[in-house]
Amino acid sequence: MTALVLFGSFVFFLLLTVPIGISLGLASLVTILYADVTSVEYLAQSLVQSTDSFPLMAVPFFILAGEIMGKGGISERLFKLANVFVGNFTGGFAMAAVLTCMFFAAISGSGPATVAAVGGIMIPAMVGYGYDKKFATAVVVAAGALGIIIPPSIPMVIYGVSGSVSIGDMFIAGIIPGVLIGAVMMGWSYIYSKKNNYKGNGEKFTFKRALSGINEAKWAIFIPILILGGIYGGIFTPTEAAVVAVVYAAIISIFVYKELTFKTFPKVLKDAALTSATILIIIGTANAFGRILTMEQIPRLVADSLLSISSNPLVILLLINLLLLFVGMFMDTVAAIIILVPILLPIAINIGIDPIHFGIIMIVNLAIGFITPPVGVNLFVGSGISGLSIESLAKATIPFFVAMILSLTVITVIPGVSLFLVEFFK
């Protein structure tokens, strides 16, 4: 009955369109008052204690770094570089959009930020070259989901903290899955463009153009090398890497690219602060929500239920994937990770699944949630940029949804896709 009150009140507040962080907190409060599972003071303590973590400090710094880079002219230079390599192919602009999202994902760590930064440039450009607006927007919306799969990734930091898993290993493990999904999306973009006769830009690839594009975007390209190289080289922790990324991005955006000024910088700080506050509130309230679940032994009940169905690891992973895909349709990524990791990770470990591999499976599932209604955040960002309705945009992203599901299947069945680089660098 306590679990029913907890989940029932949570769903009730969501239906009232109460923000998810507040809904989690109110649901926890209602349950505490109803069942007296703990004290009301615990809820306030949870808001502080759950966010009082050195690894979690990486989250606001990566958000700030992404804001700086999104408004600092970096996305435009990344697009020019991507266009050099794939722009001449059939559907070159669509493939360049995916490649630009992959580049920017390796900088921002956020799906919606990737859509906002790349979509503002790519969607009007593709429409100008004769692409259907629905397809042009769907490409960016779907590829923007790579923002949390290709490192650095804010949800990977949350998963690492929640599951006591190496954040550095999670970052490395996300590279091949991210590239795989990006390649599949580019493949579909080529097929669709071939069918609709979307030509390339007519500019053949030359080493001179490539070197020119690399030179123009070199400061942006160096950011993921700096972050991952620094972490795996033992120079700094993921949290320190996030701080380094902020300083580096600010220097490049203000003094090198000169797209940001000291006058506009306070707005960047404000936007980053608002996003960080939202996420940290979700972390605090989701932690309290998860603790109540643990007190009511919900994780053990879920584990027993899954294991009673089958002991086959692939069957269990299939069921977990279905659960995560469903949750991703309705719940914020950060909240889902904090609530579900204590429930699902022990099950995965019990059936012999590597925690890093499981983490990537979880992140990819929740990334798919960015493009699935009713709470597909990337859909809302793309709709705001293009002016298309959520319904029409959701339909246009269906082929990309299928592409991501196929990629998820490969990632789930073949652990080496996630673990190869982790083992290689050990």
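Residues numbered from 1 in each chain as written. Predicted model: local features only at pLDDT ≥ 70, side-chain atom pairs only at ≥ 80, totals over all residues. Heavy atoms only, no water.

1. Re the overall build of the protein chain
A tally of regular secondary structure across the protein chain gives 22 helices and zero strands. On C-alpha atoms alone, the protein chain measures out to a radius of gyration of 21 Å, which is about the 22 Å that the 2.2 N^0.38 rule sets for 426 residues. Across the 426 residues that make up the protein chain, the buried fraction comes to 55%. If you take every contact in the protein chain between residues at least 6 apart in sequence, the share linking residues at least 24 apart comes to 77%. A total accessible area of about 17600 Å² is found for the protein chain, and carbon and sulfur atoms account for 70% of it. (Helix = DSSP H or I, 4+ residues; strand = E, 2+ residues; numbered from the N terminus. Rg over C-alpha atoms; globule rule 2.2 N^0.38 Å. Buried < 20%, exposed > 50% of the residue type's maximum accessible area, 1.4 Å probe, protein only. Contact = heavy atoms within 4.5 Å. Areas by Shrake-Rupley, 256 points an atom, 1.4 Å probe, with all protein chains shown as cover.)

2. As for helix α18 (residues 355–368)
For α18, spanning 14 residues, the distance from its first C-alpha to its last is 20 Å, which sits close to the expected 20 Å at 1.5 Å a residue. Burial runs high along α18: 13 of the 14 residues are buried. Where α18 begins, the side chain of D354 points an oxygen toward the backbone nitrogen of I356, at a separation of 2.7 Å. (Expected span 1.5 Å × (residues − 1). Polar contact = N/O pair within 3.5 Å; in protein donor to acceptor, adjacent residues only side chain to side chain.)

3. Overview of the packing of aromatic side chains
Applying the stated criterion to the full structure yields 19 aromatic pairs. On the basis of an interplanar angle of 70 degrees and a centroid distance of 6.4 Å, the ring pair of F93 and Y131 is categorised as edge-to-face. One end of the pair, F93, is in helix α6 (residues 92–108); the other, Y131, is in the loop between α7 (111–128) and α8 (133–144), with 38 residues separating them in the sequence. When sorted by exposure, F93 lands in the same class as Y131, which is buried. Ring pairs connect the aromatic residues F93, Y129, Y131, F135, W188, Y192, Y198 and F400, which therefore count as one cluster. The ring of Y257 carries the charged tip of R77 above its face, separated from the ring centre by 3.9 Å. (Phe/Tyr/Trp six-rings, centres within 6.5 Å; stacked < 30°, edge-to-face > 60°. Lys NZ or Arg CZ within 6 Å of the ring centre and 35° of its normal.)

4. With respect to the pattern of salt bridges
Tallied over the full model, the rule gives four salt bridges. K71 serves as the salt-bridge partner of D271, at 3.7 Å between the closest nitrogen and oxygen. Placement of D271 in helix α14 (residues 265–295) and of K71 in the loop between α4 (58–70) and α5 (74–86) is noted, with a sequence separation of 200 residues between them. Among the residues examined, K71 registers a relative accessible area of 36% and is labelled partly exposed. (Salt bridge = Lys/Arg side-chain N within 4 Å of Asp/Glu carboxyl O.)

5. Here's the deal with the packing of α4 against helix α9 (residues 154–163)
What describes two packed helices is the angle between their axes and the distance between those same axes. In the contact formed by α4 and α9, the axes pass within 10 Å of each other and the chain directions differ by 175 degrees. Relative to α9, α4 is oriented roughly antiparallel. Between α4 and α9, the contacting residues are A58, V59, F62 and I63 on the first element and I154, V157 and I158 on the second. Considered class by class, the residues forming the contact of α4 with α9 number seven nonpolar, no polar and no charged. (Axes fitted to C-alpha atoms, helices over the stretch in contact; angles between N-to-C directions. Parallel < 35°, antiparallel > 145°, perpendicular 65-115°, else oblique. Nonpolar A, V, L, I, M, F, W, Y, C, P; charged D, E, K, R; others polar.)

6. A look at the environment of D132
You can see D132 is positioned in the loop between α7 and α8. When its relative accessible area of 34% is taken as the criterion, D132 is described as partly exposed. Between the C-alpha atoms of D132 and N196, which are 64 residues apart in sequence, the distance is 9.4 Å. Reaching out from D132, the side chain makes a polar contact with the backbone nitrogen of K134 at a distance of 3.2 Å.

7. Thoughts on the layout of surface pockets
Of the volumes computed, that of the second largest pocket is approximately 350 Å³. Around the second largest pocket sit 15 residues that line it, and M102, F103, A106, I150 and P224 are the ones nearest its centre. A per-class count over the lining of the second largest pocket returns 15 nonpolar, no polar and no charged. (1 Å grid on protein atoms, 1.4 Å probe; cavity = no way out; pocket = protein on both sides within 12 Å on 5 of 7 lines; lining within 4 Å. Points joined across faces, edges and corners; volume = space filled by probe spheres on them.)

8. Comments concerning the confidence of the model for the protein chain
Low pLDDT means the predicted coordinates in that region are not meant to be read closely. On average, residues of the protein chain carry a pLDDT of 87, and 99% of them reach 70 or more. The lowest-confidence element of the protein chain is α5, averaging 78 in pLDDT; the highest-confidence one is α18, averaging 96. (pLDDT = per-residue confidence, 0-100.)

9. Let's talk about the side chain of S276
Here S276 lies in helix α14. Setting aside residues no more than four positions away along its own chain, S276 makes contact with P60 and I63.

10. Some thoughts on a nonpolar patch on the surface
A contiguous nonpolar patch, built from W219, V243, V247, I251, F255, V256 and F262 and spanning about 650 Å² of accessible area, is present on the exposed surface. Looking at the nonpolar patch, the element that brings in the most residues is helix α13 (residues 238–256), giving five residues. As for its placement among the helices and strands, F255 is situated in helix α13. (Patch = residues over 30% accessible without salt bridge, like charges linked within 9 Å, V, L, I, M, F, W, Y side chains within 5 Å.)

11. Points about the packing of α18 against helix α22 (residues 416–424)
At a minimum axis distance of 9 Å, the contact between α18 and α22 shows a crossing angle of 135 degrees. Here α18 lies oblique to α22, going by the angle between them. For the element pair α18 and α22, the recorded crossing hand is right-handed. Across from I356, H357 and I360 in α18, the residues of α22 making contact are S418, L419 and V422. For the contact of α18 with α22, the class distribution of residues is four nonpolar, two polar and no charged. (Left-handed = near helix turned anticlockwise from the far one by under 90°.)

12. Focus on the nonpolar core
One finds M126 and F358 to be the most contacted residues of the largest nonpolar core, which totals 149 residues. Leave out the neighbours within four places in its chain, and F358 touches Y159, L317, I320, L344, L345, A348 and I353. (Core = buried A, V, L, I, M, F, W, Y, C linked by side-chain atoms within 4.5 Å.)

13. Some details on the environment of D169
Secondary-structure assignment places D169 in helix α10 (residues 167–173). Note on D169: relative accessible area 13%, which makes it buried. D169 sits 257 residues away from K426 along the chain, and the two C-alpha atoms are 9.6 Å apart. The residues contacting D169, other than those within four sequence positions of it, are Y232, I356, V422 and K426.

14. Overview of helix α19 (residues 377–386)
Among the residues making up α19, those that are buried are N378, L379, G382, S383 and S386. With its buried residues spanning 135 degrees around the axis, α19 presents them on a single face. Residues of α19 that are buried sit in contact with α7, α8 and α20 (390–396). (Arc of directions from axis to C-beta.)

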